[in-house]
Protein chains: 2
Amino acid sequence: MSDDSAINPPARLRALISWQASKVNTVGSRLTAARMPLTARADFAVLAALEEGGTISQADLGRRLGLDRNDVNSVVNRLHEGGYLRRETDPTDRRRNIVTLLDAGRTYLEDLQSLTEIVQAELAANLTAAEAEQLRALLAKLLQAHPALPS
Amino acid sequence: MSDDSAINPPARLRALISWQASKVNTVGSRLTAARMPLTARADFAVLAALEEGGTISQADLGRRLGLDRNDVNSVVNRLHEGGYLRRETDPTDRRRNIVTLLDAGRTYLEDLQSLTEIVQAELAANLTAAEAEQLRALLAKLLQAHPALPS
DNA sequence: GGGTTATGTTGGCCTAGCCAACGTTGGTCA
DNA sequence: TGACCAACGTTGGCTAGGCCAACATAACCC
């Protein structure tokens, strides 16, 4: 079998955290796509932010999630059309749309949580629990030094 | 300053390796884009594979890099038009295009290597050298359990 | 009261990953 | 040998994601 040698990526790439992260991201997308529509990832992010943050504006959602305003907008549109959240203009600041999680959104969130946990387990299948925790800690520490949004 | 609390992503997301990897990938893209055109990443991958693997076919390139055949094709097109590599049909198997790195490709590769190292340092700015090495090892171990390509 | 800033919204661009289909070529096996 | 099957390169297209620009409205500041 020459599979192993053929599949091995070049050392110059294996040395790059950015390349590895890109590949982990790709594998995660594939595992996710096997269990839910890909757009459910963004849904999950917004729902989780609402569940944790309560009623917040779309702009705040974007800042917490590291998403652009217009991208938040399209996700909120989708979730609103699905009846998962309520969207109303903030009476104290009429520029803002404040968004509130509805009960349907909570159940949707928990459904996605279950599927997500399966995907995480598959993704980290080769790691012990301690290694997975270490990996999360290192990734978090790396991310801590960088802004969630470009500007 | 309510920045810290506002910027913090929800715990449900922080617990996901896939979400963290996606964010690291995004940050890496941003840092990369500040130093080179984004397409140079794919160039770098192909050039590195050629430098390490010698003369190989496009299909082999795809397998080593985890890229789809048509994506390899477009990168090879770009590099060929730039005069960085030679592309000829394999005399022993006329289905294949075998691709060879040229001198211009080597210098281009080294140029990208320099820029890439800067980006890696910026990306891992918050990690010690030991932590960065640990992170690379954990990501590699995670990736080991997954195929580079879907099918 | 005038300029600046934040917000939501629309529209668009590019990269990346993926899939389908086609013609060509090589391999298999009946 | 001939007929099917697999691999390859190539073209074309789809989706998601990250990003930017522009606009109107609304709040803020001095």
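Residues numbered from 1 in each chain as written. Chains lettered and ligands numbered in written order. Predicted model: local features only at pLDDT ≥ 70, side-chain atom pairs only at ≥ 80, totals over all residues. Heavy atoms only, no water.

Asks: With reference to specific residues and values, describe the packing of helix α4 (residues 40–53) of chain B against helix α7 (residues 103–123) of chain B.
Replies: All names here are of chain B. Remark: α4 packs on α7, axes separated minimally by 9 Å, with the N-to-C direction vectors making an angle of 120°. Taken as axis vectors, α4 and α7 run oblique relative to one another. Both α4 and α7 take part in a crossing whose hand is left-handed. In contact with Ala40, Asp43, Phe44, Leu47, Ala48 and Glu51 of α4, α7 contributes Gly105, Arg106, Tyr108, Leu109, Leu112, Gln113 and Thr116. Split by residue class, the contact of α4 with α7 holds seven nonpolar, three polar and three charged. (Axes fitted to C-alpha atoms, helices over the stretch in contact; angles between N-to-C directions. Helix = DSSP H or I, 4+ residues; strand = E, 2+ residues; numbered from the N terminus. Parallel < 35°, antiparallel > 145°, perpendicular 65-115°, else oblique. Left-handed = near helix turned anticlockwise from the far one by under 90°. Contact = heavy atoms within 4.5 Å. Nonpolar A, V, L, I, M, F, W, Y, C, P; charged D, E, K, R; others polar.)

Asks: For the confidence of the model for chain A, give the residues involved together with the corresponding values.
Replies: In the predicted model, chain A carries a mean pLDDT of 95, and the fraction of residues at 70 or more is 95%. Per-residue pLDDT stays below 50 along residues 1–6 of chain A; that stretch engages in two contacts with residues further than four places along the chain or on separate chains. (pLDDT = per-residue confidence, 0-100.)

Asks: Please give an account of the nonpolar core that cites residues and values.
Replies: Counting residues in hydrophobic clusters, the biggest one holds 55 residues, and the most contacted among them are Ile17 and Leu135 of chain A together with Ile17, Leu61 and Leu135 of chain B. Tallying contributions element by element places α4 of chain B first for this core, with eight residues. (Core = buried A, V, L, I, M, F, W, Y, C linked by side-chain atoms within 4.5 Å. Buried < 20%, exposed > 50% of the residue type's maximum accessible area, 1.4 Å probe, protein only.)

Asks: Could you give me a rundown of the relation of the copies chain A and chain B, with the residues and numbers involved?
Replies: In the superposition of chain A on chain B (RMSD 0.0 Å, axial shift 0.0 Å), the rotation amounts to 180°. When the rotation and shift are considered jointly, the pair of chain copies conforms to a two-fold rotation axis. For chain A, the residue whose C-alpha comes nearest the rotation axis is Ala21 of chain A, separated from it by 2.5 Å. The fraction of interface residues of chain A whose copies in chain B are also interface residues reaches 100%, indicating that both copies meet through the same surface. (Least-squares fit on C-alpha atoms with pLDDT ≥ 70 in both.)

Asks: Could you give me a rundown of the interface of chain A and chain B, with the residues and numbers involved?
Replies: One frequently used descriptor of interface size is the decrease in accessible area upon assembly of the parts. The interface of chain A with chain B comprises 62 residues on the first partner and 62 residues on the second. The junction of chain A with chain B conceals about 5,700 Å² of combined surface from both sides, 63% of it contributed by carbon and sulfur atoms. When the buried surface of chain A facing chain B is broken down by residue, Arg12, Ile17 and Leu138 of chain A rank first, second and third, together holding 13% of it. Linking chain A to chain B there are six salt bridges. Across the pair Lys141 of chain A and Glu131 of chain B runs a salt bridge whose closest N-O atoms are separated by 2.8 Å. Seen at the junction of chain A and chain B, the total is 28 residue pairs in polar contact (both at pLDDT 80 or more). Residue composition of the side of chain A that touches chain B, grouped by class: 36 nonpolar, 13 polar and 13 charged. (Buried area = accessible area lost by both parts, 1.4 Å probe. Salt bridge = Lys/Arg side-chain N within 4 Å of Asp/Glu carboxyl O. Polar contact = N/O pair within 3.5 Å; in protein donor to acceptor, adjacent residues only side chain to side chain.)

Asks: Tell me about the sheet that holds strand β1 (residues 56–57) of chain A, and name the residues and values.
Replies: Residues and elements named next belong to chain A. Strand order in the open sheet made by the three strands is β1-β3-β2, with antiparallel pairing throughout. The two strands at the open ends of the sheet, each matched to only one other strand, are β1 and β2 (85–89). In the sheet, β2 pairs with strand β3 (residues 97–101) via five bridges, with the strands oriented antiparallel. Residue pairing for β3: Leu85 is matched across the bridge by Leu101. Its contacts with the sheet place helix α6 (residues 69–81) against β2 and β3, and it is angled at close to 120° to β2. (Pairing = 2+ DSSP bridges.)

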